[in-house]
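Survey of secondary and tertiary structure
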Amino acid sequence: MDLVNHLNDRLLFAIPKKGRLYQKAVEILNGSDIKFRRSQRLDIALSTNLPVALIFLPAADIPTFVGEGKCDLGITGVDQVREAGIDVELPIDLQFGACKLQVQVPENGPYTTPEQLVGKTIVSTFTNLTSQYFAKLEGVPVEQMSTKVKYVGGSVEASCALGVGDAIVDLVESGETMRAAGLTDIATVLDTSAHLIQSRSPKGDPELIETIKSRIEGVMTAQRYVYCTYNAAKVDLPTLLAITPGRKAPTLTNVGDDGEWVAVAAMIEKGKKGLIMDELKRAGATDIIVFDISNCRV
């Protein structure tokens, strides 16, 4: 089947084609019930349950395709968007791939502030962001700055040891690679994470775009919250509801024949569920149960 001829009536969604971004993006697509089957030899996959075509691209290229309206939606890092200088919407932070684009120097070297690197040679994959950062330090346009910025496509952390540059600007997640290379960070250029990005001039169905965004928001909420239920005496509700206020408000249901007890249901933050259950128990709640949320709409 010639997939290219089946794209005109579909919303085009750009997805990172490999690596951790790809794996996380596929998890979000699965959680959003966007079903597809990808051939290993093709960078296009048609959804089997929605009029959507997934276009698998290098993460660095996705801002261009979305920014120029060739794709309606995409998943990529904010760093790639800023580096490309493309004007797109960033409707949803997908809460993965969080890291910092940082200025790094040899740990035992002479540089301790980025100002000391003015006029030196900086190596980076992110040459536009690096140039903008140092031009701002110098207080001049990029074209007039004295700092030299060199591009390398990989193994940026080796540049200082090999004498290619005096410092580097590279992404730092845990910092292990940086420390193993004998480097230390002295400034942060940008905080970044993966986002859903949207074209400002999409060609796809606006209603379908909103549906996909709503589904993805549901997945993100489900990852952050769990569903908590418990029984409570009405006299204890003021204290208990302060512990579980819910996203907007908890749901209360009368239980028992005496009218003195209610069942309470509320979404609570997954990372705090142990503490919240302890507080509920101390405040008089009984039959406390927590359920995972596979998906939701908020």
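Within any chain, residue numbers begin from 1 and follow the written order of that chain's sequence. Where local features are concerned, this predicted model is filtered to residues with pLDDT of at least 70; where side-chain atom pairs are given and counted, the filter is 80 or more; whole-chain, interface and lining totals use all residues. Processing note: side-chain calculations cover all non-hydrogen atoms of the structure and skip hydrogens and water entirely.

A short note on the sheet that holds strand β5 (residues 89-93)
Two strands pair if DSSP finds at least two bridges between them. Numbering of helices and strands runs from the N terminus, with a helix taken as a DSSP run of H or I at least four residues long and a strand as a DSSP run of E at least two residues long. Ordered in space as β2-β3-β1-β4-β11-β5, the 6 strands form an open sheet in which the pairing is mixed. With one partner strand each, in any of the chains shown, β2 (44-46) and β5 form the two edges of the open sheet. For this sheet the average axis-to-axis angle between neighbouring strands, irrespective of direction, equals 30°. Pairing of strand β1 (residues 11-16) with strand β3 (residues 52-57), which is carried by 6 bridges, proceeds in the parallel orientation. Directly across from L12, in β3, lies its bridge partner A53. Contacts: residue pairs with any heavy atoms within 4.5 Å of one another. Simply put, an axis is a line fit to the C-alpha atoms, just over the touching stretch for a helix, and the angle between two N-to-C directions goes from 0 to 180 degrees. Along the sheet, helix α1 (residues 19-31) contacts β1, β3, β4 (73-77) and β11 (194-198); its crossing angle with β1, the most-contacted strand, is approximately 140°.

With respect to the sheet that holds strand β7 (residues 121-124)
Strands sit in the order β8-β7-β9-β6-β10 across an open sheet of 5 strands; the sheet is mixed. Strands with a single pairing partner mark the edges of an open sheet, and in this sheet they are β8 (148-151) and β10 (183-192). Ignoring strand direction, the axes of neighbouring strands in this sheet form an average angle of 25°. Of the pairings in the sheet, the one linking β7 to strand β9 (residues 167-172) comprises 3 bridges and is parallel in character. Following the sheet pairing, S124 is matched in β9 by V169.

Overview of a nonpolar patch on the surface
Patch rule: a residue counts if its relative accessible area is over 30% and it has no salt bridge; like charges are joined within 9 Å, and nonpolar side chains (Val, Leu, Ile, Met, Phe, Trp, Tyr) within 5 Å. Per-residue and other accessible areas follow the Shrake-Rupley method at a 1.4 Å probe size, with only the shown protein chains counted as cover for residues. Salt bridges are defined as contacts in which a side-chain nitrogen from Lys or Arg sits within 4 Å of a carboxyl oxygen from Asp or Glu. A grouping of Y227, I289 and F291 is seen on the molecular surface, where their side chains present a nonpolar patch of about 270 Å² in accessible area. Looking at the element boundaries, Y227 is found in strand β12 (residues 225-233). Here Y227 falls in the partly exposed class, since its relative accessible area comes to 35%. Each residue is placed in one exposure class: buried if its accessible area under a 1.4 Å probe, protein chains only, is under 20% of its type's maximum, exposed if it is over 50%, and partly exposed if it falls in between.

Side note on the nonpolar core
In this structure, F13, L94, I212 and I216 are the most contacted members of the largest nonpolar core, which totals 27 residues. Note on terminology: a nonpolar core comprises buried Ala, Val, Leu, Ile, Met, Phe, Trp, Tyr and Cys residues joined through side-chain atoms within 4.5 Å. Counting residues in each nonpolar core, the second largest holds 17 residues, with V105, Y111, Y133 and F134 among its members.

Comments concerning the UniProt feature "domain: ATP phosphoribosyltransferase catalytic" (unreviewed entry) in the protein chain
UniProt positions are given in the numbering used here, feature names are shortened, and annotations may be inferred rather than shown by experiment. As recorded in UniProt, the sites labelled "domain: ATP phosphoribosyltransferase catalytic" (unreviewed entry) are residues 59-218. Secondary structure content for residues 59-218 is 27% helix and 29% strand, and the end C-alpha separation is 24 Å.

Section: helix α6 (residues 206-224)
Residues separated by three or four positions in an α-helix point in the same direction, a consequence of the helix having 3.6 residues per turn. Here the expected span of a helix is defined as 1.5 Å times the quantity of residues minus one. Look at α6: 27 Å from first C-alpha to last across 19 residues, which is about the 27 Å you get at 1.5 Å a residue. Taken as a whole, α6 has its buried residues at L208, I209, I212, K213, R215, I216, G218, V219, M220, T221 and A222. With a side-chain oxygen lying 3.1 Å from the backbone nitrogen of E207, the N-terminal cap of α6 falls on D205. Think of a polar contact as two N or O atoms within 3.5 Å of one another; within protein, one of them needs to be a possible hydrogen donor and the other a possible acceptor, and neighboring residues in sequence only count if both atoms come from side chains.

Section: the pattern of salt bridges
Inspection of every chain in the model, using the stated rule, returns 10 salt bridges. Residue K17 pairs with D43 through a salt bridge whose shortest N-O separation is 3.1 Å. In this pair, K17 sits in the loop between β1 and α1 while D43 sits in the loop between α1 and β2, placing the two residues 26 residues apart along the sequence. Exposure remark for K17: the relative accessible area of 29% places this residue in the partly exposed category. When the shortest N-O distance is used, the salt bridge between D33 and K35 registers 4.0 Å.

Here's the deal with the side chain of S193
Positionally, S193 belongs in the loop between β10 and β11. Note on S193: relative accessible area 8%, which makes it buried. The contact partners of S193, leaving out residues within four places of it in the chain, are T76, G77, V78, D93, F96, G97 and A98.

Remarks on the side chain of Q198
Here Q198 is to be found in strand β11. The buried category is assigned to Q198, whose relative accessible area is 7%. At 3.0 Å, the side chain of Q198 forms a polar contact with the side chain of K213. Those residues in contact with Q198 that sit more than four places away from it in its chain are V66, D72, L73, V88, E89, P91, I209 and K213.

Description of the packing of aromatic side chains
Aromatic contacts are taken between Phe, Tyr and Trp rings whose centres are within 6.5 Å, Trp giving its six-membered ring; a plane angle under 30 degrees counts as stacked, one over 60 as edge-to-face, and the others as tilted. All told, the structure shown has 3 aromatic pairs when counted by the stated rule. A ring pair is formed by F36 and F56, whose centres lie 6.2 Å apart and whose planes are at 45°; its orientation type is tilted. Of this pair, F36 sits in the loop between α1 and β2 while F56 sits in strand β3, and the two are 20 residues apart along the sequence. Neither residue differs from the other here; F36 and F56 are each classed as buried. Centre to centre, the rings of Y133 and F134 are 5.3 Å apart; their planes meet at 85°, and the pair counts as edge-to-face. In terms of burial, Y133 and F134 fall into one category: buried. Ring pairs connect the aromatic residues Y22, F36 and F56, which therefore count as one cluster.

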